[in-house]
Amino acid sequence: MRDYLLTLCVTAAVTYLLTGPVRKFAIATGAMPEIRARDVHREPTPRLGGIAMFFGLCAGLLVADHLQNLSSVFELSNEPRALLSGAALIWLIGVLDDKFELDALIKLGAQMISAGVMVAQGLTILWLPIPGVGTVALTPWQGTLLTVALVVLTINAVNFVDGLDGLAAGMVCIAAAAFFLYAYRLWYGYTIEAAAPATLFAAILMGMCLGFLPHNMHPARIFMGDSGSMLIGLVLAASAISITGQVDPDVLKLFEGSTRQATHAALPVFIPLVLPLTIIAIPMADLVLAIVRRTWKGQSPFAADRGHLHHRLLEIGHSHSRAVLIMYFWSALIAFGTLAYSVHSTSMWIVLGVVALSAIGLVLLLLPRFTPRAPRWAQSVVPPRYRRRKPPAVPVEAEGEAVEEREPVPAGVNGATAIGHRSRFTDRSKAGARG
């Protein structure tokens, strides 16, 4: 655990320290696209944050290779080299897209090629564990197609959710933390060496996200761009593929005893193993809904719009920061709820806890729709939004003079300016003369 934490800290430190110079480089090279209709930020912001994240990945792998307890991962497995090869290719395409806005089909082809590069070097799904059946071996073609599909889906899911400051990096960090705990439990608890690469990948992914988040929180000073979102999506997919395709469930000795007992014992382990969509459930749901929505409207599935989950939260009335925190909450609830269930599947307290937290999440989600008003005796202790508003005073006209009517100023969403034009006077000279 100490070596994993050291690798995480080095990755986070390198990513954090390089993000500042990368921001200056992005500004100097003009990697600051104009604000699009679907964007929620108000000022042009540099991209190319994925450059710092990629060098953080390289630093994490280099440090792990020189640590005594982690060097065996590079000696016994070719997966770290496969990850680095695929990550370098997808990162390069992302950098070009951040600068020159590549076509969506070109990026899709690059994602498939990156996945193929990892498959060619051994990072592929070899078998699938199925409850009640056991381990099902896959043919090389089946494993390749399934691996490429998982990589492409994960990359695009993370890319789709990258719409608010700090949203993608935070959600992937939460997913990586849950995945790290699960993979470390398999490696340390069951002494399965094949789970070591996935544990290392998850630790490095956490470091990449933690190092970039201070620069990307609202208001963001730099965006990760496609060079960052596709990169962390590929690393997350590589972790899932490594632990799904390389860890033999038969080693866990789950199929001993009766069929019912074996199925019950294997179920909590199969949940995170079979294409761990539970870890990226929120981004994947956003991806599926976006494809259905755009296809239903007769648009291309790659056409950008403002219908993502984070856009809907802003339309409901949540501020930028609150919308990000709500997405964090649901990601953590699903990821760590699944992790807790895989450890103690027979405990009803885990199920009740997940249900209770889900109810709390629904209340927070719908809070702007139902804004309660505090009683009069509590007006001084509650936030201003929950206080009773005083009726506006009716202006009294003086003799021979009419009160000048103010031009109505449009309000933002819940006092924020995440959507719509910022409320401001058109003529500042007149604004200064009034009042």
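Asker: Quick one: what's the story with the overall build of the chain, residue by residue and with numbers?
Answerer: Scanning the chain from terminus to terminus reveals 15 helices and two strands. Counting only residues that meet the buried cut, the chain has 47% of its 435 residues in that class. For the chain, contacts bridging at least 24 residues in sequence account for 73% of all contacts bridging at least 6. About 21900 Å² of surface is accessible on the chain, with carbon and sulfur atoms providing 65% of the total.

Asker: Explain the packing of aromatic side chains to me, and be specific about the residues and the numbers.
Answerer: Counted under the stated rule, the structure contains seven aromatic pairs. Considering the side-chain rings of Phe329 and Trp330, the 5.8 Å spacing of their centres and the 80 degrees angle between planes classify their relative orientation as edge-to-face. Residue classification places Trp330 among the buried positions, given a relative accessible area of 19%. Three or more aromatic residues joined by ring pairs form one cluster here, namely Tyr4, Phe180 and Tyr184.

Asker: So, helix H1 (residues 2–29): which residues are in play, and what are the values?
Answerer: Every α-helix winds through 3.6 residues per turn, so residues three or four apart in the chain are directed the same way. For H1, built from 28 residues, the straight-helix expectation of 40 Å at 1.5 Å per residue is met to within 8% by its first-to-last C-alpha distance of 40 Å. By the largest-angle criterion, Thr19 marks the main kink of H1, which is about 35 degrees, and a proline, Pro21, follows within four residues. When H1 is considered as a whole, its buried residues turn out to be Asp3, Tyr4, Thr7, Leu8, Thr11, Ala12, Thr15, Thr19, Val22 and Ala26. Tucked into the core, H1 has its buried residues touching helix H2 (50–65), helix H7 (167–189) and helix H8 (196–216). Taken from the residues just after H1, Gly30 is the one with a positive phi, measuring 80 degrees.

Asker: Give me a nonpolar patch on the surface: which residues, what numbers.
Answerer: Taken together, the side chains of Met348, Trp349, Val351, Leu352 and Val355 define a hydrophobic patch exposed on the protein surface, amounting to about 570 Å² of accessible area. Within the secondary structure, Val355 is located in helix H14 (residues 348–365). Relative accessible area serves as the criterion here: at 51%, Val355 is assigned to the exposed category.

Asker: Could you give an account of the pattern of salt bridges, with specific residues and numbers?
Answerer: Here the structure, examined in full by the defined rule, presents three salt bridges. Arg47 is the salt-bridge partner of Glu101, the closest N and O atoms lying 3.2 Å from each other. In this pair, Glu101 sits in the loop between helix H4 (79–100) and helix H5 (104–120) while Arg47 sits in the loop between H1 and H2, placing the two residues 54 residues apart along the sequence. You can call Glu101 partly exposed: its relative accessible area is 44%. On the accessibility criterion, Arg47 (10% relative accessible area) is buried. Taking the shortest distance from any N to any O, the salt bridge between Asp97 and Lys107 comes out at 3.6 Å. On the criterion of sequence distance, the pair formed by Asp97 in helix H4 and Lys107 in helix H5 is long-range, its members being 10 residues apart.

Definitions and cut-offs
- Residues numbered from 1 in each chain as written.
- Predicted model: local features only at pLDDT ≥ 70, side-chain atom pairs only at ≥ 80, totals over all residues.
- Heavy atoms only, no water.
- Helix = DSSP H or I, 4+ residues; strand = E, 2+ residues; numbered from the N terminus.
- Buried < 20%, exposed > 50% of the residue type's maximum accessible area, 1.4 Å probe, protein only.
- Contact = heavy atoms within 4.5 Å.
- Areas by Shrake-Rupley, 256 points an atom, 1.4 Å probe, with all protein chains shown as cover.
- Phe/Tyr/Trp six-rings, centres within 6.5 Å; stacked < 30°, edge-to-face > 60°.
- Expected span 1.5 Å × (residues − 1).
- Bend = angle between axes of the 7 residues up to and from the residue.
- Patch = residues over 30% accessible without salt bridge, like charges linked within 9 Å, V, L, I, M, F, W, Y side chains within 5 Å.
- Salt bridge = Lys/Arg side-chain N within 4 Å of Asp/Glu carboxyl O.

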